[in-house]
Amino acid sequence: MIFQDSIVALSSGRLPSGVAVVRLSGPATRQVLEVICGRLPQPRLAQFGTFRRADGTPLDAGLTLFFPGPNSFTGEDMVEFHVHGGRAVVAAMLEAIVGFDGVRHAEPGEFTRRAFLNGKVDLLKAEALADLVTAETESQRRFALLNSGAQSALYTDWRQRLIFARAMIEAEMDFSDEADVPGAVGSTVWADVQKMISEIGAHMDGYRQAEIIRDGYDVVILGAPNAGKSSLLNALARRDAAIVTDEPGTTRDLVEVVLDLDGVKVRLTDTAGIREEAGRVEQIGIDRARDRARGADLILHLVDLNDPQAITGVSTEARRLMVGTKSDIAPCSGLGSTYDHIISVTSGSGVNELLDSIGDYAAEAAGNASDILPSRQRHIELLRKTSDFMKAALEAPSEAAEIKAEYLRLAADQLGRISGAIDPEDLLDVIFSQFCIGK
Ligand SMILES: Nc1nc2c(ncn2[C@@H]2O[C@H](COP(=O)(O)OP(=O)(O)OP(=O)(O)O)[C@@H](O)[C@H]2O)c(=O)[nH]1
Ligand SMILES: [K+]
Ligand SMILES: [Mg+2]
């Protein structure tokens, strides 16, 4: 695909920085290079020199990397200017480049969008690149890196098997008059379709795991007023994120902190203490606490050992850890099996053990780093359709071979939509607008 306009952006991070990378892609690249560098640099070799405006005044000095199309990220002529990462330097460089005919600032994700439209990456790879750029934890990084190829390969394999299955069914239809075509072809094909349905099902089950890697393992602290919930949140976050006082009912809103536990993102939420006779504002906080518990992965249920009180109205399928608090002033020890953990935020006793437990559960939920997972809701929706069409193909009566073949075609098309091989247009804006500028 040939674009008329060229796009430029700062592709490296926040300024000021040691070095900043300004990226330009499109048909104006060569002309811009001839003016700014004085000549066309050798392809793919870093070249040092002075950057100049059209009137000869210097802008900066630095490295140039020229990638002639189609062997570039976007498939177009591209250049990277490595300039000093000062705000004024970058601003002057961008202004000089945008001054050329046909050059404009890039939209978010526009480089990757061009790469996709030029067949350099499929949509899955583009999404994985976006995930890699935004990865904050080790597990997010590994997940994005793995997904950039493995997910595509998995869907391509299923799609090819579906296309093959359909070809076999159609061939069988064509030769069905001839007596010596064995029905065995059909039965192997349908056995494979059945097998793929379970493979797709198992793959879709991994979505929760992908969500945990991306959005974090969701831990909610619950308990009666004054159980020590906010104190624990602050201790685990190592900062005063929530207000602590000796007054019951201090916390009303949800207070969330994000932790990185051994490379897994964990979201920890403090809530209002749950009790029956609450005032109006406090009651809203309590409703929020109960709501929040519903979607959690893990509940830390805190109970003041000196004043144990039940909490009501919490319904959740989450794993629950019973945590006895304020052990430093508790009258007795040896509390039996009521509690999974006994802690004191004041003395620090038991807090690290609790944190280790949370980390273990989070790591377990985030799963194996080598699992290939669906990474977007969009993938799940299309995989579900794929599987539904496959089931319809299986269930159609065997006399209706044409209908069965058509369902297989529809199933293969749904898989093609995930990678963007089929009908990508309506998705592009949604997908690429989530990227950052310069990517
Ligand atoms: N001795 C002792 N006091 C604690 C400990 N943890 C919390 N406290 C005290 O208990 C009181 C209540 O603590 P918070 O952390 O505000 O309790 P909370 O559960 O968030 O209370 P609400 O937000 O009102 O529901 C404060 O005075 C804390 O200093 C502890 O481990 N030992
Ligand atoms: K309190
Ligand atoms: Mg509190």
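The model shown is predicted, which means the values in this text are computed figures rather than measured ones.

**Considerations on a negative patch on the surface**
Right, so step 1: A contiguous patch of negative charge, built from E136, D260, D262, E353, D356 and D360, is present on the exposed surface.
Right, so step 2: Tallying contributions element by element places helix α10 (residues 351–366) first for the negative patch, with three residues.
Right, so step 3: Mapped onto the elements, D356 comes out in helix α10.

**Considerations on the domain arrangement of the chain**
Right, so step 1: Domain boundaries in the chain define domain 1 (6–106), domain 2 (129–206 + 373–432) and domain 3 (226–260 + 267–366).
Right, so step 2: With centres defined by C-alpha atoms, the gap from domain 1 to domain 2 works out at 42 Å.

**Examining the environment of F435**
Right, so step 1: Of note, F435 is situated in the segment after α13 (425–432).
Right, so step 2: We classify F435 as buried; its relative accessible area is 7%.
Right, so step 3: Spatially, the C-alpha atom of F435 lies 37 Å from that of Q194, the residues being 241 residues apart in sequence.
Right, so step 4: For F435, the residues in contact, after removing those within four places along its chain, are P108, G109, T112, A126, E127 and A130.

**Re the side chain of T271**
Right, so step 1: Mapped onto the elements of the fold, T271 is located in the loop between β9 (264–270) and α9 (280–294).
Right, so step 2: At a separation of 2.7 Å, a polar atom in the side chain of T271 contacts the main-chain carbonyl oxygen of I221.
Right, so step 3: If we ignore the near neighbours within four places in the chain, the residues touching T271 are V220, I221, L222, K229, T251, L254 and A289.

**Thoughts on the pattern of salt bridges**
Right, so step 1: Within the structure shown, the criterion is met by 26 salt bridges.
Right, so step 2: In this structure, the salt-bridge partner of D77 is R30, at a minimum N-O distance of 2.6 Å. With D77 in the loop between β4 (58–67) and β5 (78–85) and R30 in helix α1 (residues 29–36), this residue pair connects regions lying 47 residues apart in the sequence.
Right, so step 3: Classification of D77 as buried rests on a relative accessible area of 15%.
Right, so step 4: Residue R141 is joined to E138 by a salt bridge in which the shortest nitrogen-to-oxygen separation is 2.6 Å. Separated by three residues within a single helix, R141 and E138 lie in helix α5 (residues 138–174), roughly one turn from each other.
Right, so step 5: For E138, a relative accessible area of 33% corresponds to the partly exposed category.
Right, so step 6: Connected through shared salt-bridge partners, D5, E76, R104, E110 and R114 make up one network.

**Observations concerning the UniProt feature "binding site: Mg(2+)" (unreviewed entry) in the chain**
Right, so step 1: Under the UniProt annotation, "binding site: Mg(2+)" (unreviewed entry) lies at S230 and T251. What stands out for the annotated residues spanning 22 residues is how close their C-alpha atoms remain, the widest pair being 7.6 Å apart.
Right, so step 2: When you line up the elements, S230 lands in helix α8 (residues 229–237).
Right, so step 3: Among the residues examined, S230 registers a relative accessible area of 8% and is labelled buried.
Right, so step 4: Here T251 is to be found in the loop between α8 and β8 (255–261).
Right, so step 5: Beyond its immediate stretch of four places on either side in the chain, T251 contacts S230, I243, D270, T271, A272 and G273.
Right, so step 6: Polar contacts involving the side chain of T251 include one to the side chain of S230, which spans 2.8 Å.

**What about helix α3 (residues 110–117)?**
Right, so step 1: The element α3 is extensively covered by neighbouring structure, given that six of its eight residues are classed as buried.
Right, so step 2: For α3, the full list of buried residues reads E110, F111, T112, R114, A115 and F116.
Right, so step 3: Of the residues flanking the end of α3, it is G119, one or two places downstream, whose phi is positive at about 75°.

**What to know about the coordination of the potassium ion (ligand 2)**
Right, so step 1: For the potassium ion (ligand 2), the full set of protein donor atoms is N226 (OD1), T245 (O), E247 (O) and T250 (OG1), at a range of 2.5 to 2.9 Å.
Right, so step 2: Taken in sequence order, the residues that donate to the potassium ion (ligand 2) follow the motif N-x18-T-x1-E-x2-T.
Right, so step 3: Between the potassium ion (ligand 2) and the magnesium ion (ligand 3) the interatomic distance comes to 4.9 Å. Taken together, the residues N226 in the loop between β7 (217–223) and α8 and T245 in the loop between α8 and β8 connect sequence positions 19 residues apart.
Right, so step 4: Judged by its relative accessible area of 28%, N226 falls in the partly exposed class.

Quick notes on the rules
- Residues numbered from 1 in each chain as written.
- Chains lettered and ligands numbered in written order.
- Predicted model: local features only at pLDDT ≥ 70, side-chain atom pairs only at ≥ 80, totals over all residues.
- Heavy atoms only, no water.
- Patch = residues over 30% accessible without salt bridge, like charges linked within 9 Å, V, L, I, M, F, W, Y side chains within 5 Å.
- Areas by Shrake-Rupley, 256 points an atom, 1.4 Å probe, with all protein chains shown as cover.
- Salt bridge = Lys/Arg side-chain N within 4 Å of Asp/Glu carboxyl O.
- Lys, Arg positive; Asp, Glu negative; His and termini not counted.
- Charge placed at Lys NZ, Arg CZ, Asp CG, Glu CD.
- Helix = DSSP H or I, 4+ residues; strand = E, 2+ residues; numbered from the N terminus.
- Domains from an automatic or database assignment.
- Buried < 20%, exposed > 50% of the residue type's maximum accessible area, 1.4 Å probe, protein only.
- Contact = heavy atoms within 4.5 Å.
- Polar contact = N/O pair within 3.5 Å; in protein donor to acceptor, adjacent residues only side chain to side chain.
- UniProt positions renumbered as here; feature names shortened; annotations may be inferred.
- Donors = N, O, S within 2.8 Å, 3.2 Å for Na, K, Ca; no water.

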